[in-house]
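Secondary and tertiary structure notes
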Amino acid sequence: MLAIGDGDKLVVGKPTIEGAKVFATSNGDGLSAKIYGMKYKAKTRYSRRIGHRQAFTELTINSISGAGMKAGTQIDTKKSTTKEEVTENGS
């Protein structure tokens, strides 16, 4: 890891932080959107269409721990959705 932050505290590695660990859970594999390419040679009647889909693994970060940090610092991965009530007068 290059850097770990916890509120006002920031630990920066030179170039990495020794003993830092990231705990993650795999959400499965997938393929990205298809990208098309083209090969073409003038005057030789040669053209070819090429397609590519990059494979990836989706991860969810559960916790980060390292030197100078609390063990197992929890990362809030869920976005909080709060609805504000608006009255008729707009306040």
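This structure is a prediction, so every number in the text was calculated from the model and none was measured. (Residues numbered from 1 in each chain as written. Predicted model: local features only at pLDDT ≥ 70, side-chain atom pairs only at ≥ 80, totals over all residues. Heavy atoms only, no water.)

1. As for the overall build of the chain
Counting secondary structure elements, the chain contains zero helices and seven strands. Along its sequence from the N terminus, the chain presents helices and strands in the succession β-β-β-β-β-β-β. Looking at the chain as a whole, 11% of its 91 residues are labelled buried. Put simply, of all contacts in the chain between residues at least 6 apart along the chain, 48% involve residues at least 24 apart. For the chain, the accessible area works out to roughly 8300 Å², and carbon and sulfur atoms hold 52% of it. (Helix = DSSP H or I, 4+ residues; strand = E, 2+ residues; numbered from the N terminus. Buried < 20%, exposed > 50% of the residue type's maximum accessible area, 1.4 Å probe, protein only. Contact = heavy atoms within 4.5 Å. Areas by Shrake-Rupley, 256 points an atom, 1.4 Å probe, with all protein chains shown as cover.)

2. Concerning the packing of aromatic side chains
With the rule as written, the count across this model stands at zero aromatic pairs. In this structure, lysine 41 packs its charged tip against the face of tyrosine 46, placed 5.6 Å from the ring centre. Here arginine 49 stacks its cationic end above the ring of tyrosine 36, 4.1 Å away from the centre of that ring. (Phe/Tyr/Trp six-rings, centres within 6.5 Å; stacked < 30°, edge-to-face > 60°. Lys NZ or Arg CZ within 6 Å of the ring centre and 35° of its normal.)

3. Digging into unusual backbone geometry
Here lysine 14 and proline 15 are connected by a cis peptide whose omega angle stands at -5 degrees. With respect to the secondary-structure elements, proline 15 resides in the loop between β2 (9-12) and β3 (21-31). Of note in this structure, lysine 43 is not a glycine but carries a positive phi near 65 degrees. On the secondary structure map, lysine 43 appears in the loop between β4 (35-41) and β5 (46-52). Overall, lysine 43 belongs to the exposed group, its relative accessible area being 86%.

4. Examining the environment of leucine 10
In this structure, leucine 10 sits in strand β2. For leucine 10, the residues in contact, after removing those within four places along its chain, are Ala3, Ile4 and Gly5.

5. What about the environment of methionine 38?
Assignment of secondary structure puts methionine 38 in strand β4. On the accessibility criterion, methionine 38 (57% relative accessible area) is exposed. Distance in space between the C-alpha atoms of methionine 38 and glycine 51 is 8.6 Å, their sequence separation being 13 residues. Other than its neighbours up to four places away in sequence, methionine 38 contacts Ser47, Arg48 and Arg49.

6. Observations regarding the pairing of strand β1 (residues 3-6)
Of the strand pairs in this sheet, β1 and β2 are connected by four bridges, and their pairing is antiparallel. Bridge pairing links aspartate 6 to lysine 9 in β2. Counted along the chain from β1 to the antiparallel partner β2, the turn is two residues long, and its residue glycine 7 has a positive phi close to 70 degrees. (Pairing = 2+ DSSP bridges.)

Function cannot be inferred from these measures alone, as they are strictly geometric.
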